[in-house]
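# Coordinate analysis (summary)
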Amino acid sequence: MNSSGITVLGAGFGALSTVRELRKRDPGADITLVSPRAELHYLPGIIWIPSGLRTREQLIVPLAPFFERMRVRHLAAEVSGLSQDGRTVHTSAGVVRNDALVIATGGRFIKKLPGIEHAITPCEGIAAAEQIRDRLRALQGGTIAVGFAANPQEPQAVRGGPMFEFLFGIDTQLRREGRRARFKLVFFNPSQEPGNRLGTKAVQHLLAEMARRGITTQLGHKMLRFEADKVVTEGGEIAADLILFMPGMTGNAWFDQTTLPRSPGGLIRADAQCRIEGWLHAYVVGDSGSFPGPDWMPKQAHMADLQAAAAAQNLLDGLAGRPQTAGFEAELACIIDSIDGGTLVLRTSRRNVVLPTSRVFHWAKRAFEARYLRQYR
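Residues numbered from 1 in each chain as written. Predicted model: local features only at pLDDT ≥ 70, side-chain atom pairs only at ≥ 80, totals over all residues. Heavy atoms only, no water.

## Let's talk about the overall build of the protein chain
Looking only at helices and strands, the protein chain features eight helices and 24 strands. Against the compact-globule benchmark of 21 Å for 377 residues, the protein chain has a radius of gyration of 21 Å, which places it among compact chains. Overall size of the protein chain, expressed as C-alpha extent along the three principal axes, is 65 × 45 × 40 Å. Out of the 377 residues belonging to the protein chain, those deemed buried represent 56%. By sequence separation, contacts in the protein chain at least 24 residues apart represent 66% of the contacts at least 6 residues apart. When the accessible surface of the protein chain is split by element, carbon and sulfur atoms take 51% of a total near 15400 Å². Taking the average location of the 46 positive side-chain charges in the protein chain and that of its 36 negative ones, the two points are 4 Å from each other. (Helix = DSSP H or I, 4+ residues; strand = E, 2+ residues; numbered from the N terminus. Rg over C-alpha atoms; globule rule 2.2 N^0.38 Å. Buried < 20%, exposed > 50% of the residue type's maximum accessible area, 1.4 Å probe, protein only. Contact = heavy atoms within 4.5 Å. Areas by Shrake-Rupley, 256 points an atom, 1.4 Å probe, with all protein chains shown as cover. Lys, Arg positive; Asp, Glu negative; His and termini not counted. Charge placed at Lys NZ, Arg CZ, Asp CG, Glu CD.)

In structure tokens form, the structure reads like this:
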């Protein structure tokens with residue numbers, strides 16, 4: 001395929017927000033988006049799959065109508081590499097040439113711990129959440145171990161919030177089913193303060209909530225390996241009939257086939273304007289990038305949306321020869337859901353707010369999902 005204009009890689013939150021922001025600023029821009037499928041998988045909703053509150057069909061949004069409205073050319077292909085400092089994208093469907101590039105292909109989970117195949121990594125996708133649902137249905141009792149870890153070389157490349165949601169959601173679900181007494185829930189984390197990027201008040205709230213629900217914790221011990229029926233840490237073993245584990249994130253495998261500048265943790269090095277260091281008219285948005293900012297800056301859809309707005313403005317300014325000055329604020333905004341309620345956590349450079357669990361926040365999260373997906377349906 002031989003084309004030019006703007007090429008966006010990916011079909012997740014960062015990529016689609018970039019398309020919207022570009023089109024808003026330049027109605028005539030020539031945009032090509034490369035992704036394996038013309039679909040958005042709304043992964044924040046997978047926390048509700050085990051309880052039956054959501055199904056696969058409700059969380060997959062076909063993007064053909066959105067691409068048509070946005071006048072975007074979609075190439076169904078896998079990206080395999082870049083050349084000419086990003087001006088040429090190599091894909092399974094041929095090469096795509098561009099005048100400007102945005103990389104928003106997400107991250108990849110680090111699967112180095114021995115025996116990690118015995119654990120389910122929920123945020124790998126809808127199929128993983130369905131596997132959790134099916135395993136829960138089959139279990140008559142036992143121990144469920146839930147935990148997450150970070151990329152030690154990339155403090156920002158961790159996604160712990162969903163694991164708290166799976167933990168509390170499973171507890172609520174088992175209570176609703178009248179089965180909670182037959183299960184032991186254990187939360188494990190190598191840090192003494194799991195979720196500390198949410199802020200001290202949030203950590204205290206989460207640990208207090210675990211205690212209130214009768215969830216055992218094993219904190220502060222380095223993880224060694226998984227086995228079919230246990231989690232092994234330096235602090236001892238956790239017998240487990242079901243293990244849910246979220247490892248830290250690193251860059252996509254195809255990054256290794258390029259000369260992209262990489263952070264120590266394997267992500268693409270970017271500046272405060274989302275520009276890829278040393279590359280002209282090349283930008284990165286969302287989980288793929290390593291950005292300047294506080295250690296607590298999150299890897300979440302809201303942050304990707306803010307980065308997409310900055311990248312789109314700077315890309316168009318760069319192509320027009322104007323100064324590229326658009327930046328983004330580090331903002332963490334999330335509702336930690338438990339099926340029957342939710343806790344709101346907000347964090348910026350100026351404030352850190354934790355609002356206690358309320359049914360209102362559960363319904364707010366559902367309302368946000370509906371509103372967010374409406375723009376793509």
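## Concerning the side chain of Lys-365
The residue Lys-365 is located in helix 8 (residues 359-374) in this model. On the accessibility criterion, Lys-365 (15% relative accessible area) is buried. In this structure the side chain of Lys-365 is engaged in a polar contact, spanning 2.8 Å, whose partner is the side chain of Glu-165. (Polar contact = N/O pair within 3.5 Å; in protein donor to acceptor, adjacent residues only side chain to side chain.)

## Looking at the sheet that holds strand 14 (residues 223-227)
On the basis of which strands lie adjacent, the open sheet formed by three strands has the order 14-15-16 and antiparallel pairing. Edge positions in the sheet fall to strand 14 and strand 16 (236-239), since each of these pairs with one other strand and no more. Taken pair by pair, the neighbouring strands of this sheet meet at an average axis angle of 15 degrees, ignoring direction. As paired strands, strand 14 and strand 15 (residues 230-233) are joined by four bridges and run antiparallel to one another. Residue Glu-227 lies in a different strand from strand 15, and its bridge partner there is Lys-230. (Pairing = 2+ DSSP bridges. Axes fitted to C-alpha atoms, helices over the stretch in contact; angles between N-to-C directions.)

## A few points about the pairing of strand 15
Every second residue of strand 15 is oriented toward a common face, with Lys-230 and Val-232 on one face and Val-231 and Thr-233 on the other, all of them buried. If you look at the hairpin formed by strand 14 and strand 15, you'll find two residues sitting between the two strands. Two strands pair when backbone bridges link them, and strand 15 and strand 16 are joined in this way by four bridges, in the antiparallel orientation. The residue bridging Lys-230 from the neighbouring strand is Ala-239, located in strand 16. The turn joining strand 15 and strand 16, which pair antiparallel and follow one another in sequence, is formed by two residues.

## So, the packing of aromatic side chains
Both the distance between ring centres and the angle between the ring planes are used here to describe each pair of aromatic rings. What the rule picks out here adds up to 14 aromatic pairs. Taking 6.3 Å as the distance between ring centres and 45 degrees as the angle between the ring planes, the aromatic pair formed by Tyr-42 and Tyr-372 counts as tilted. With Tyr-42 in the loop between strand 3 (39-41) and helix 2 (56-59) and Tyr-372 in helix 8, this pair connects stretches of sequence that are 330 residues apart. An identical accessibility class is assigned to Tyr-42 and Tyr-372; each is buried. An angle of 10 degrees between the planes, with centres 6.1 Å apart, marks the rings of Phe-188 and Phe-245 as stacked. (Phe/Tyr/Trp six-rings, centres within 6.5 Å; stacked < 30°, edge-to-face > 60°.)

## Observations concerning the packing of helix 1 (residues 13-25) against helix 7 (residues 301-319)
Closest axis-to-axis distance for the helix 1/helix 7 pair is 8 Å, and the angle between their directions is 40 degrees. Classed by the angle they form, the pair helix 1 and helix 7 counts as oblique. Seen from above, helix 1 lies across helix 7 with right-handed handedness. Every residue of helix 7 that contacts helix 1 at Phe-13, Gly-14, Ser-17, Thr-18, Arg-20, Glu-21, Leu-22 and Arg-25 is listed here: Ala-301, Ala-304, Asp-305, Ala-308, Ala-309, Ala-312, Gln-313, Leu-315 and Leu-316. Looking at the contact of helix 1 with helix 7 residue by residue, the class counts come to nine nonpolar, four polar and four charged. (Parallel < 35°, antiparallel > 145°, perpendicular 65-115°, else oblique. Left-handed = near helix turned anticlockwise from the far one by under 90°. Nonpolar A, V, L, I, M, F, W, Y, C, P; charged D, E, K, R; others polar.)

## A look at helix 8
If you check helix 8, its first and last C-alpha atoms are 23 Å apart, about what 16 residues at 1.5 Å a residue would give, namely 22 Å. Taken residue by residue, helix 8 has Phe-361, His-362, Lys-365, Glu-369, Tyr-372 and Leu-373 as its buried positions. Along the long axis of helix 8, the arc covered by the buried residues comes to 110 degrees, so they all point the same way. Opposite the packed face of helix 8, turned more than 90 degrees from it, sit the exposed residues Val-360, Arg-371 and Arg-374. (Expected span 1.5 Å × (residues − 1). Arc of directions from axis to C-beta.)

## Looking at unusual backbone geometry
Non-glycine residue Asp-85 carries a positive phi angle of around 50 degrees. Even without a glycine there, the phi angle at Ile-339 is positive, about 75 degrees. Note on placement: Ile-339 falls in the loop between strand 22 (332-337) and strand 23 (342-347).

## Some words on helix 5 (residues 161-176)
Compared with an ideal rise of 1.5 Å per residue, which puts 16 residues at 22 Å, helix 5 spans 23 Å between its outermost C-alpha atoms and is within 8% of the ideal. Judged by how many residues are buried, helix 5 sits mostly within the fold: 13 of 16 residues are covered. Positive backbone phi, at 75 degrees, marks Gly-178, one or two positions downstream of helix 5.

## Some words on the sheet that holds strand 5 (residues 72-76)
In spatial order, the strands read 5-2-1-9-20; together these five strands make up an open sheet with parallel pairing. Looking along the sheet, the strands with just one partner apiece sit at the ends: strand 5 and strand 20 (282-284). Ignoring strand direction, the axes of neighbouring strands in this sheet form an average angle of 20 degrees. Of the pairings in the sheet, the one linking strand 2 (residues 31-35) to strand 5 comprises five bridges and is parallel in character. From the neighbouring strand, Ser-35 faces strand 5, where its bridge partner is Ala-76. Along the sheet, helix 7 makes contact with strand 1 (6-9), strand 9 (100-103) and strand 20, crossing strand 20 at roughly 175 degrees.

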